[in-house]
Amino acid sequence: QVQLVQSGGGTVQAGGSLRLSCAASGRLFNSYTMGWFRQAPGKEREFKAAMSGGDTYYIDSVKGRFTISRDSAENTVYLQMNSLKPEDTGVYYCAASRLTGWAARPTDYFYWGQGAQVTVSS
C-alpha cells in the first residue's frame, strides 16, 4: 500500500512562489506516474503536471512557471510554482497512476494526497 502526505501551500501575492511537497510510503516513484492537480471552488480537479519514467508533462497554462521534480532518497515529489497568478488559486493534490505518459484525468489516478490550499492574492 502507498500513502501520499502533502505539505506546503499557503498564501502568496501575485508573482510570488511556493513549493508543494508530496511524500510517499513504499516503493512508489520507480513504478508509478506522479501527477499534480488543482481544484478550484465549485470546479472539478484539473491536471497541471506529471512525471513518468523520467519525463515531465505540463498543461499549457503552467509551462515555464511550474516545475515537477523528485528526490528519490526522500521518496518525495515536488511542484515548484513560480510567477503565481490569482487564477492559480485552489486546492492542489498529488496523485499516483498506474498509467505511463501523459495521464491527465483524475480517473487515471488511484492514490491521492490530502490536498494543500494555495491562495494567490491580486
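A brief look at the structure comes next. All values reported here derive from a predicted model rather than from experimental measurement. (Residues numbered from 1 in each chain as written. Predicted model: local features only at pLDDT ≥ 70, side-chain atom pairs only at ≥ 80, totals over all residues. Heavy atoms only, no water.)

### Digging into the overall build of the protein
Put simply, the rule reads: Secondary structure elements follow DSSP: runs of H or I no shorter than four residues count as helices, runs of E no shorter than two count as strands, and numbering proceeds from the N terminus. Only protein chains enter the accessibility calculation, which uses a 1.4 Å probe; a residue is then buried when its area is under 20% of its type maximum, exposed when over 50%, and partly exposed in between.
Per the secondary structure count, the protein includes zero helices and eleven strands. When the helices and strands of the protein are read in sequence order from the N terminus, they spell out β-β-β-β-β-β-β-β-β-β-β. Judged by the C-alpha coordinates and their principal axes, the protein covers about 40 × 25 × 25 Å. Split into buried and exposed, the 122 residues of the protein put 44% on the buried side.

### Remarks on the nonpolar core
Basically, it comes down to this: To form a nonpolar core, buried Ala, Val, Leu, Ile, Met, Phe, Trp, Tyr and Cys residues must be joined to one another through side-chain atoms within 4.5 Å.
In this structure, Leu4, Leu20, Trp36, Leu79 and Met81 are the most contacted members of the largest nonpolar core, which totals 26 residues. Among the elements of the structure, strand E3 (18-24), strand E4 (33-39), strand E5 (46-52), strand E7 (66-71), strand E8 (76-81), strand E9 (90-97) and strand E11 (116-121) are those that each provide at least two residues to this core. At four residues, the largest contribution of residues to this core is made by E3. Judged by nonpolar contacts, the second largest core, of six residues, contains Phe37, Phe47, Ala95 and Ala103.

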